Amino acid sequence: MSGPLRLVLALHNHQPIGNFDGVFEAAFNDSYAPFLEVLRDYPDLPIALHTSGSLLEWLVEAHPEYIDNVRMLVERGQVEILGGPFYEPILACIPRRDRIGQIRAYTQYLENLFGQTVRGMWVPERVWEQSFTGDITEAGMEYTLLDDYHFRGAGLEADQLHNFYLSEDEGRLLKIFPGSERLRYTIPFSEPHETIDYLRQVAERHPGSAIVFGDDGEKFGTWPGTKDHVYENGWLRRFFDALRENADWLKVSTLAEVVDEVPPAGSIYLPDASYREMTEWALPTERQIVLSRMTHAKESDPDWPQLKQFLRGGFWRNFRVKYPESNEMYARMLLVSNRLDELAASPQGEERRDLLAQARTFLYRAQCNCSYWHGAFGGLYLPHLRNAVYTNLIAADNVLDKVAGRTGAWVTIDADDYDLNARKEIRIAGDKLIGFVAPNDGGHLYELDIRSIRHNLLATLDRRPEPYHDKVRAAGDQQHQQSEVASIHDMVAFKQPDLDKKIQYDTWTHKSLVDHFFQPGLTWEQAQNGVGEMGDFVSGVYETMLRRSPEQVQARMWRLGRMGQYEVKITKTISLDVHDAGQLDVLYELENLPADLPIHFGVEFNFAGMAGGAPDRFYYDADGAQLGQLDSVQDLHDCGRIGLVDEWLGMDVTLETSQPSSLWAFPIQTISQSESGFEMVHQSSAVIPRWEILNPPGGCWSVKLSMNVDTSAAQARMLKEAALTS
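Quick caveat, the model's predicted, so the values are computed rather than measured.

**Side note on the overall build of the chain**
Moving on, step 1. Check the secondary structure of the chain and you find 22 helices and 26 strands.
Moving on, step 2. Against the globule reference of 27 Å for 726 residues, the chain gives a C-alpha radius of gyration of 28 Å, in line with a compact fold.
Moving on, step 3. With respect to the three principal axes, the spread of C-alpha positions in the chain is 95 × 60 × 50 Å.
Moving on, step 4. Across the 726 residues in the chain, those meeting the buried criterion constitute 59%.
Moving on, step 5. Pairs at least 24 residues apart make up 72% of the contacts formed inside the chain by residues separated by at least 6 positions.
Moving on, step 6. Total accessible area computed for the chain in this model is approximately 28,500 Å², and 49% of it derives from carbon and sulfur atoms.
Moving on, step 7. When the 68 basic and 106 acidic side-chain charges of the chain are each reduced to a single mean position, those positions are 3 Å apart.

The following block contains the structure:
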């Protein structure tokens, strides 16, 4: 081939479902708007632009002038609009029907909004499996871009990465561009001449070929330090000027122009992969550390440039193994997707297509990828993002109940493999609550959906080791300052002091109905550190029997287990009554308790999505007196009732015990990595009523616990808002 080198600049702008409005606004002011403002002054430099549906819907409402500006650039041929799945799901994390459905739905939305035929798409996080070729082409796409890392994994060398390739699945052809990792690290972090020098080398070796930069638009202003660097210090204008100055051999093009004007380099079948960093993050923590150490040890070896091509990280789907909380969301999403698919083929679904469309939108929003994994960004560790997943899943469930004709007060109970572990879980549900219980994992209540406010009270997250915790420990309480703008993957910053002293790991899963036998005299500090557990009930297997009637449903679970050297039996019965479907009752019956031995028994509950450190989120006692915010520590005695209020959610949760108890409450807080540095995040409030038992009659003892959820404040607020807008 001959002719100029084609350079494609493909920007991907994204904010996830559930992110704070202020974050959207800041990214708009720091990245999206100023980039477009500069671009307008360079009409001869086209770009490819992908905006996720979650962000684009916000822009349509909050900044219609931005949409007008993009439309103007589209009309003058300066912007190619890229499609993709509507709400930016990882394609490997959703069913095939939803992949195709999301891509088609977003294509239609984009074409209606901008008036341009959408031919190519962005693959979220470049997570790739070869079978996606067929799904993408069936959805109507001609081409996409991945990373050159994918192509290297297929055996290509550096000199073979400067054009697009054809890939195939069951006879369907897709054109795929390799995005340059080198450009991802030089743009915008190196001076423009360094990028130009590299491009000149490519042009000299491969005239008439094409090279693609494809990366986040947020690195042009939103990432720490980049706003001043890119705009105030003029990096972007200097870069665009440099592209113009070298137009005799460098032609800035869109993906569509390259596909139409340059022949493909050949055919390729790509391995399952993502960008290099993502494959590292998907590894188990200990293997991730090994890979990092081995890479650093070998990178100075003379054969390393050749060897590293054959080095592989992990497989994206294993995030659902690494983080069970991700699997919980995935399994719940799949349950809703399957139910929607079944109803769509039913007579009720035929009659209520409008409601099915609503439910499908909620489902698609719940598939937004950021909550399902964790790397250099907060993702899974951010409660508001996990809450957004459940909010939309519960909303979809509510709509699907309308399609199915389920109205009024009702309760039901079923058993199935709800979390995809080849064991049966229990779904206990009514018109106000939906609970999921795992008899094979301690009989835990692991999800509790409050239907009226669409909130999962058990969207918890455990504290576990992460590779970057070594950086936190090494830093101590010193604040690291960056001397220059760096890639977000290389930054070290601390949002709070003394984080190294707050790193802590859990020895059990923080859900509800977690059954503990503690050492007598144990303190709450020892208990939360996993010290003094004497029983094997925390994660033991419970046998189960379900009971059903029109008025009440029950799950009765029992287990013979060890308490120290003694064998004891716990039976716990969870009940949901049709007349009070906002209250969950749990009866505990303990048998075979040894005589003349003090027994310290506790039942752990966790309450998630209720923020800590806010004055309108607090504990209160039986008299209604406030005890402290939800990130405070409580060590109470002779307590028969405790409440948790979240005024922002409009929710009041009370926990009552038939026998007065002592009670511990303490925060579960993680130390995690986000775009702006390392931070402490409040994940849940652990509440453990506990009893000191001595010589119970016949070795038997029982207590009833009742958890009531009151959302009347939220419902009153919703009615008031509806009246104001009507």
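On we go from here.
**Quick look at the environment of Val-437**
Moving on, step 1. With respect to the element layout, Val-437 can be found in strand E12 (residues 433–438).
Moving on, step 2. Every residue in contact with Val-437, bar those within four places of it in the chain, is listed here: Glu-425, Ile-426, Gly-443, His-444, Leu-445, Tyr-446, Met-557 and Ile-574.

**Here we look at the packing of aromatic side chains**
Moving on, step 1. Tallying each qualifying case throughout the model produces 39 aromatic pairs.
Moving on, step 2. Each ring, one from Trp-128 and one from Phe-132, has its centre 5.9 Å from the other, and the planes form 85°; the classification is edge-to-face.
Moving on, step 3. Given the relative accessible area of 1%, Phe-132 is considered buried.
Moving on, step 4. Ring centres of Trp-524 and Phe-666 lie 5.8 Å apart, and the angle between their planes is 25°; this geometry places the pair in the stacked category.

**Some thoughts on the nonpolar core**
Moving on, step 1. Core analysis: the largest hydrophobic core is formed by 131 residues, its most contacted members being Ile-136, Phe-240, Leu-243 and Trp-316.
Moving on, step 2. Counting residues per element, this core draws most heavily on helix H19 (residues 383–403), which supplies 10 residues.
Moving on, step 3. Ile-450, Ile-574, Leu-630 and Ala-665 belong to the second-largest nonpolar core, a separate cluster that totals 57 residues.

**Some thoughts on the sheet that holds strand E14 (residues 455–456)**
Moving on, step 1. With antiparallel pairing, the 5 strands of this open sheet are ordered in space as E10-E11-E12-E13-E14. What marks the edges here is a single partner per strand, and that holds for strand E10 (411–416) and E14.
Moving on, step 2. Relative to E14, strand E13 (residues 444–450) is paired through 2 bridges, and the arrangement is antiparallel. Bridge assignment links Asp-449 to a residue of E14, and that residue is Asn-456.

**A closer look at the confidence of the model for the chain**
Moving on, step 1. When pLDDT is averaged along the chain, the result is 94, and 98% of the positions lie at 70 or above.
Moving on, step 2. This model gives residues 479–489 a pLDDT under 50, and the stretch forms 24 contacts once residues within four places in sequence are excluded.

**A look at the pattern of salt bridges**
Moving on, step 1. The final tally for this structure, using the stated rule, is 46 salt bridges.
Moving on, step 2. Note that Asp-449 is salt-bridged to Arg-332, the shortest N-O span being 2.9 Å. Here the residue Asp-449 occupies a position in strand E13, and Arg-332 occupies one in helix H16 (residues 324–344), the gap between them amounting to 117 residues.
Moving on, step 3. For Arg-332, a relative accessible area of 3% corresponds to the buried category.
Moving on, step 4. Among the charged side chains, a network of salt bridges with common partners joins Arg-96, Arg-99, Asp-135, Glu-138, Asp-169, Glu-170 and Arg-172.

**As for the pairing of strand E5 (residues 143–147)**
Moving on, step 1. Across the 5 residues of E5, 5 count as buried, placing the element largely inside the fold.
Moving on, step 2. Of the pairings in the sheet, the one linking strand E4 (residues 120–122) to E5 comprises 3 bridges and is parallel in character. Each bridged residue has a counterpart across the sheet, and for Gly-120 the counterpart in E5 is Tyr-143.
Moving on, step 3. Between E4 and its parallel partner E5, the chain crosses via helix H5 (residues 132–138), and the hand of that crossover is right-handed.
Moving on, step 4. Bridge count between E5 and strand E7 (residues 172–179): 5 bridges; the pairing is parallel.

**As for unusual backbone geometry**
The general pattern is negative phi for most residues beyond glycine and trans for most peptide bonds.
Moving on, step 1. Of the consecutive residues Ile-187 and Pro-188, the connecting peptide bond is found in the cis state with omega at 0°.
Moving on, step 2. Residue placement: Pro-188 occurs in the loop between helix H7 (181–186) and helix H8 (192–205).

**What to know about helix H13 (residues 285–298)**
Moving on, step 1. Between its first and last C-alpha, H13 extends 20 Å over 14 residues, near the 20 Å set by a 1.5 Å rise per residue.
Moving on, step 2. Considered for burial, the residues of H13 that qualify are Thr-285, Gln-288 and Leu-291. The arc that holds the buried residues of H13, viewed along the axis, is 120°, so those residues lie on one side. Projecting away from the buried face of H13 at angles above 90 degrees are the exposed residues Glu-286, Arg-293 and Ala-297.
Moving on, step 3. In this structure, the buried side of H13 is in contact with helix H12 (276–281) and helix H15 (319–322).

**Focus: the side chain of Asp-169**
Moving on, step 1. Structurally, Asp-169 is set in strand E6 (residues 165–169).
Moving on, step 2. Excluding its chain neighbours within four sequence positions, the residues that come into contact with Asp-169 are Gln-130, Ser-131, Thr-133 and Gly-134.

**Describing H8**
Moving on, step 1. For H8, with 14 residues, the first-to-last C-alpha span of 20 Å sits near the 20 Å given by 1.5 Å per residue.
Moving on, step 2. Those residues of H8 that fall on the buried side of the exposure criterion are Pro-192, Thr-195, Ile-196, Tyr-198, Leu-199, Val-202 and Ala-203. Viewed along the axis of H8, the buried residues span an arc of 165°, placing them on a single side of the element.

**Observations concerning the side chain of Ser-632**
Moving on, step 1. With respect to the helices and strands, Ser-632 occurs in the loop between strand E22 (626–629) and strand E23 (634–646).
Moving on, step 2. Overall, Ser-632 belongs to the buried group, its relative accessible area being 18%.
Moving on, step 3. In terms of polar contacts, Ser-632 uses its side chain to reach the backbone carbonyl oxygen of Gln-629, at 2.5 Å.
Moving on, step 4. Of the polar contacts made by the side chain of Ser-632, one reaches the side chain of Gln-634; its length is 2.9 Å.

**Thoughts on the packing of helix H1 (residues 21–39) against helix H3 (residues 64–75)**
Moving on, step 1. Close contact between H1 and H3 brings their axes to 11 Å; oriented N to C, the two are set at 30°. Crossing angle aside, the handedness with which H1 passes H3 is left-handed. Where H1 abuts H3, its residues Phe-28, Tyr-32, Ala-33, Leu-36 and Leu-39 lie against Glu-65, Tyr-66, Asn-69, Val-70 and Leu-73.
Moving on, step 2. The residue inventory of the contact of H1 with H3, partitioned by class, reads 8 nonpolar, 1 polar and 1 charged.

**Re the environment of Ser-180**
Moving on, step 1. Within the element layout of this structure, Ser-180 appears in the loop between E7 and H7.
Moving on, step 2. You can call Ser-180 buried: its relative accessible area is 5%.
Moving on, step 3. As a C-alpha pair, Ser-180 and Ile-211 span 31 residues in sequence and 7.0 Å in three-dimensional space.
Moving on, step 4. When sequence neighbours within four positions are dropped, the list of residues in contact with Ser-180 reads Asp-148, Tyr-198, Ile-211 and Val-212.

**Quick word on the environment of Glu-181**
Moving on, step 1. Considering the arrangement of structural elements, one finds Glu-181 in helix H7.
Moving on, step 2. A sequence separation of 495 residues divides Glu-181 from Ser-676, and the C-alpha atoms of the two residues are 22 Å apart.
Moving on, step 3. With residues up to four places along the chain from it excluded, the contact list for Glu-181 reads Asp-148 and Arg-276.
Moving on, step 4. Of the polar contacts made by the side chain of Glu-181, one reaches the side chain of Arg-276; its length is 3.0 Å.

The rules behind each value
- Residues numbered from 1 in each chain as written.
- Predicted model: local features only at pLDDT ≥ 70, side-chain atom pairs only at ≥ 80, totals over all residues.
- Heavy atoms only, no water.
- Helix = DSSP H or I, 4+ residues; strand = E, 2+ residues; numbered from the N terminus.
- Rg over C-alpha atoms; globule rule 2.2 N^0.38 Å.
- Buried < 20%, exposed > 50% of the residue type's maximum accessible area, 1.4 Å probe, protein only.
- Contact = heavy atoms within 4.5 Å.
- Areas by Shrake-Rupley, 256 points an atom, 1.4 Å probe, with all protein chains shown as cover.
- Lys, Arg positive; Asp, Glu negative; His and termini not counted.
- Charge placed at Lys NZ, Arg CZ, Asp CG, Glu CD.
- Phe/Tyr/Trp six-rings, centres within 6.5 Å; stacked < 30°, edge-to-face > 60°.
- Core = buried A, V, L, I, M, F, W, Y, C linked by side-chain atoms within 4.5 Å.
- Pairing = 2+ DSSP bridges.
- pLDDT = per-residue confidence, 0-100.
- Salt bridge = Lys/Arg side-chain N within 4 Å of Asp/Glu carboxyl O.
- Right-handed = clockwise from strand over helix to strand, strands pointing away.
- Expected span 1.5 Å × (residues − 1).
- Arc of directions from axis to C-beta.
- Polar contact = N/O pair within 3.5 Å; in protein donor to acceptor, adjacent residues only side chain to side chain.
- Axes fitted to C-alpha atoms, helices over the stretch in contact; angles between N-to-C directions.
- Left-handed = near helix turned anticlockwise from the far one by under 90°.
- Nonpolar A, V, L, I, M, F, W, Y, C, P; charged D, E, K, R; others polar.

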